Amino acid sequence: MDKYEKISMVVNGKAYSLEVDIRESLLEVLRNRLHLTGVKQGCSVGECGACTVLIDGFPVNSCIYLAVWADGRKITTIEGVSKEGELSKVQQAFVDEGAVQCGFCTPGLVLTATALTESGRKYSDEEIKREISGHLCRCTGYNKIFNAVKRALDVDC
Amino acid sequence: MFDIVNIEKPGTLEAALEMLSRNPELKIIAGGTDVLIKMRNGALEEAELLSLRNIPGMDEIRILDNGTISIGAMAAFAKIARSSIINENLPVLSEAAVSVGGPQIRNMATIGGNICNGAVSADSAATLLAYNAELKLLSRSGSRTVPVSEFYAGPGKVNLLPAEILTDILIPEAGYGRTSGCYIKYSGRKAMDIAMLGVSVVCKTEGGKFSDVRIALGVAAPVPIRCSEAEAYAIGKEISDKTMKETGRYAVKASRARDSWRASKAYREHLIEVLVFRALKEAVIRGGGVDIG
């Protein structure tokens, strides 16, 4: 007995109206229906942060967020971060600091860092570490990622 | 895909209570960070869900006329940690809120869900116990207010009737006024981890003595507990390292720690003794720096 519900949401500035299965996570709808494969599926239980998207500006794990909850919300995925082919400040900072290795954790981290830059707040080193702590990188250490976020926030490294 | 058969998303509390009374099989879902993970693990199958997300105002945090602080059950931990009402009046709860999961989890997970799922490791539970918080439970037949200390019934079990919804967490002024406190979450990692032990201390001092001490522990027994022996010992005593260390030793008496893969019983008891002392000392310092010898 499949059950579908109609939802409307704005993804990366574009309005969508679609029928979603009530069993689907937002991650599944973004990847499988809208083909936004920059949203990565990692642990599926909200621990690794690879599936992070911004919902109304706040980082959320899309793997444990029901698609039906997205009705009326604004979603930003990594595909919506660059503008007119130009990398965003956060993306450029990740490039400049060499903060990308395999790249699987990068979309989520860039989105969390984007939320931090858009908050207009200042962050101490400890606060930056706390704010990116919901992302696991299995390639390497976190120093370059930390430096990239700092650079994006205009904190002297 | 989650094993969901049906999901109701009422827009009012009245409608939610009506649905719940008609169908007691409905499983309430708030932030989803526990319920959905249970489903992923196969611990909850063919779920009929009642989502409270579309009910406006259920996440409000306010101070009532009588000084009681009311926290809507749907308030996410990120909102609690940012709230000036919480930071000014219940700083220990703000400390506990920031220790939950990671930032994305804190944007989703709610305080009501944290309490209602009955987890002994719930970061908010020990602190709500220490602040003498009360829970407002609503059903179609009326509402009742239960002290959080009477809400926990066993591991993963709470005294929430099938037709009831937790709407607000109430902290009367007598529970938080003129207090200082400290929450220590002890875990293997600083973030994205579950507490090996959680210690929450709230105290009042007067003339170099403890006039009130409330100590609560998470993961020290099947449910979050208060340490009545330790509290009774400390109240009226001179504030000193000796008093506080002894209080830590008394705190072990209330515990029923057990061996688990996270930590052994012996290690947990050691943690209780040491961390109660540290939390108490920090609470005193935050309370205005009485000279501790």
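It should be emphasised that the depicted structure is a prediction, and the values quoted were computed from it without experimental measurement.

**Details of the overall build of chain B**
Part 1: Secondary structure assignment for chain B yields twelve helices and 14 strands.
Part 2: Here chain B has a C-alpha radius of gyration of 19 Å; the compact-globule value for 293 residues is 19 Å, and the two agree.
Part 3: Projected onto its principal axes, the C-alpha positions of chain B cover 60 × 45 × 30 Å.
Part 4: Out of the 293 residues in chain B, the part that is buried amounts to 51%.
Part 5: Partitioning the intrachain contacts of chain B with sequence separation of at least 6 by distance along the chain shows that 62% fall at a separation of at least 24.

**Observations concerning the overall build of chain A**
Part 1: In terms of regular secondary structure, chain A is built from five helices and five strands.
Part 2: Helices (α) and strands (β) of chain A occur, in sequence order from the N terminus, as β-β-α-β-β-β-α-α-α-α.
Part 3: The C-alpha radius of gyration computed for chain A amounts to 16 Å, which stays within 12% of the reference 15 Å derived for 157 residues, consistent with globular compactness.
Part 4: Projected onto its principal axes, the C-alpha positions of chain A cover 55 × 30 × 25 Å.
Part 5: For chain A, with 157 residues in total, the buried portion stands at 47%.
Part 6: Put simply, of all contacts in chain A between residues at least 6 apart along the chain, 57% involve residues at least 24 apart.

**Comments concerning the sheet that holds strand β7 (residues 142–147) of chain B**
All names here are of chain B.
Part 1: Pairing within the open sheet is antiparallel, and its five strands lie in the order β4-β5-β10-β6-β7. Where the open sheet ends on each side, the last strands, each with one partner, are β4 (61–63) and β7. Taken pair by pair, the neighbouring strands of this sheet meet at an average axis angle of 25 degrees, ignoring direction.
Part 2: Sheet topology places strand β6 (residues 134–139) next to strand β10 (residues 165–171); five bridges connect them, and they run antiparallel. Looking at β10, one finds that leucine 137 is bridged to leucine 166.
Part 3: Strand contacts of helix α1 (residues 13–22): β6 and β10, with the helix running at about 125 degrees to β10, the strand carrying the most contacts.

**Re the interface of chain A and chain B**
Part 1: Across the contact, 26 residues belong to chain A and 19 residues belong to chain B.
Part 2: Every element with two or more residues in the side of chain A that touches chain B is listed here: β4 (58–61) and α4 (125–131) of chain A.
Part 3: Class assignment for the residues of the side of chain A that touches chain B results in ten nonpolar, eight polar and eight charged.

**A closer look at the sheet that holds strand β3 (residues 52–55) of chain A**
Residues and elements named next belong to chain A.
Part 1: With respect to topology, five strands assemble into an open sheet ordered β2-β1-β5-β3-β4, the strand pairing being mixed. Either end of the sheet is taken by a strand with one partner, and the two such strands are β2 (14–21) and β4. Ignoring strand direction, the axes of neighbouring strands in this sheet form an average angle of 40 degrees.
Part 2: Bridge count between β3 and β4: four bridges; the pairing is antiparallel. Bridging across to β4, isoleucine 55 finds its partner in phenylalanine 58.
Part 3: The sheet contacts of helix α3 (residues 106–119) involve β3, β4 and β5 (74–76), and relative to β3 the element is tilted by about 30 degrees.

**What about the nonpolar core?**
Residue and element names in this part refer to chain B.
Part 1: Of all hydrophobic cores here, the largest spans 147 residues; its most connected members are Val201 and Val276.
Part 2: If one sorts the elements of this core by residue count, helix α12 (residues 265–286) sits on top with nine residues.
Part 3: Once residues within four sequence positions are removed from consideration, valine 201 is found in contact with Ala130, Gly181, Cys182, Ile215, Val276, Ala279, Leu280 and Ala283.

**A short note on the domain arrangement of chain B**
Part 1: Along its sequence, chain B is carved into domain 1 (4–50), domain 2 (61–174) and domain 3 (181–286).
Part 2: Using C-alpha coordinates to define each centre, domain 1 of chain B is positioned 36 Å away from domain 3 of chain B.

**Here we look at helix α2 (residues 89–96) of chain A**
All names here are of chain A.
Part 1: All buried positions along α2 are accounted for by Val90, Gln91, Ala93 and Phe94. Within α2, the buried residues cover an arc of 160 degrees as seen down the axis, which keeps them to one side.
Part 2: Buried residues belonging to α2 abut α3 and α5 (143–152).
Part 3: Of the residues one or two after α2, glycine 98 is the one with positive phi, at around 60 degrees.

**Here we look at the packing of α2 of chain A against α3 of chain A**
Residues and elements named next belong to chain A.
Part 1: In the contact formed by α2 and α3, the axes pass within 9 Å of each other and the chain directions differ by 125 degrees. In terms of orientation, α2 and α3 fall into the oblique class. Crossing of α2 over α3 shows right-handed handedness. Note on element contacts: α3 touches α2 through Thr106, Val110, Ala113, Thr114 and Thr117, opposite Lys89, Val90, Gln91 and Phe94.

**Description of the confidence of the model for chain B**
Interpretation of this model should avoid reading the predicted coordinates in detail wherever pLDDT is low.
Part 1: When pLDDT is averaged along chain B, the result is 96, and 98% of the positions lie at 70 or above.
Part 2: For this predicted complex, the interface score ipTM comes out at 0.96, alongside a pTM of 0.96.

**Observations regarding the domain arrangement of chain A**
Residues and elements named next belong to chain A.
Part 1: For chain A, the assigned domains read domain 1 (4–78) and domain 2 (89–152).
Part 2: Using only C-alpha atoms to locate each centre, domain 1 and domain 2 end up separated by 21 Å.
Part 3: Secondary-structure elements contributing two or more residues to the side of domain 1 that touches domain 2 are β3 and β4.
Part 4: Here the element with the most residues in the side of domain 1 that touches domain 2 is β3; it accounts for three residues.
Part 5: Here the side of domain 1 that touches domain 2 is built from residues that sort into nine nonpolar, five polar and one charged.

**Concerning unusual backbone geometry**
Part 1: The phi angle at asparagine 12 of chain A is positive, at roughly 50 degrees, despite the residue not being glycine.
Part 2: Within the chain, methionine 192 of chain B stands out as a residue other than glycine whose phi angle is a positive 50 degrees.
Part 3: Following the sequence through the fold, methionine 192 of chain B ends up in the loop between β11 (180–186) and β12 (197–206).
Part 4: On the basis of neighbour counts, which here come to 20 C-beta atoms within 10 Å, the residue methionine 192 of chain B falls in the buried class.

**Looking at the packing of helix α5 (residues 91–98) of chain B against helix α8 (residues 123–130) of chain B**
Residue and element names in this part refer to chain B.
Part 1: Look at α5 against α8: their axes get within 8 Å of each other, and the N-to-C directions meet at 170 degrees. Put simply, α5 runs roughly antiparallel to α8. Only Asp123, Ser124, Thr127 and Ala130 of α8 make contact with α5, whose side of the interface consists of Val92, Leu93, Ala96 and Ala97.
Part 2: Looking at the contact of α5 with α8, its residues break down into five nonpolar, two polar and one charged.

Cut-offs applied
All residue numbers refer to position in the chain's written sequence, counted from 1. The naming scheme follows written order: chains are lettered A onward, ligands numbered 1 onward. Only residues with pLDDT of at least 70 get local features here, since the model is predicted, and only at 80 or more are side-chain atom pairs given and counted; chain-wide, interface and lining totals rely on the full set of residues. A helix here means a DSSP run of H or I that spans at least four residues, while a strand means a run of E at least two residues long, and both kinds are numbered starting from the N terminus. To get the radius of gyration, use the C-alpha atoms; to get the globule rule, take the number of residues to the power 0.38 and multiply by 2.2 Å. Partly exposed residues are those whose C-beta has more than 12 but fewer than 20 other C-beta atoms within 10 Å; 20 or more makes a residue buried and 12 or fewer makes it exposed, with C-beta atoms placed from the backbone. Here, residue contact means that the backbone-derived C-beta atoms of the two residues sit within 7 Å. Pairing between strands requires that DSSP locate at least two bridges from one strand to the other. Lines fitted to C-alpha atoms define the axes here, with helix axes fitted over just the stretch in contact, and angles between the N-to-C directions of these axes take values from 0 to 180 degrees. Each residue receives one of three labels: charged for Asp, Glu, Lys and Arg, nonpolar for Ala, Val, Leu, Ile, Met, Phe, Trp, Tyr, Cys and Pro, and polar for the others, Gly being one of them. Note on terminology: a nonpolar core is a set of buried residues of type Ala, Val, Leu, Ile, Met, Phe, Trp, Tyr or Cys, with members joined through C-beta atoms within 7 Å. Domain borders in the structure are assigned automatically or taken from a domain database. To be clear, the arc concerns the directions from the helix axis to the C-beta atoms. Comment on the angle field: the value is read as roughly parallel under 35 degrees, roughly antiparallel over 145, roughly perpendicular from 65 to 115, and oblique elsewhere. For a crossing to be left-handed, the near helix must be turned anticlockwise from the far one by less than a right angle; the clockwise case is right-handed. pLDDT is a per-residue confidence score from the predictor, ranging from 0 to 100.

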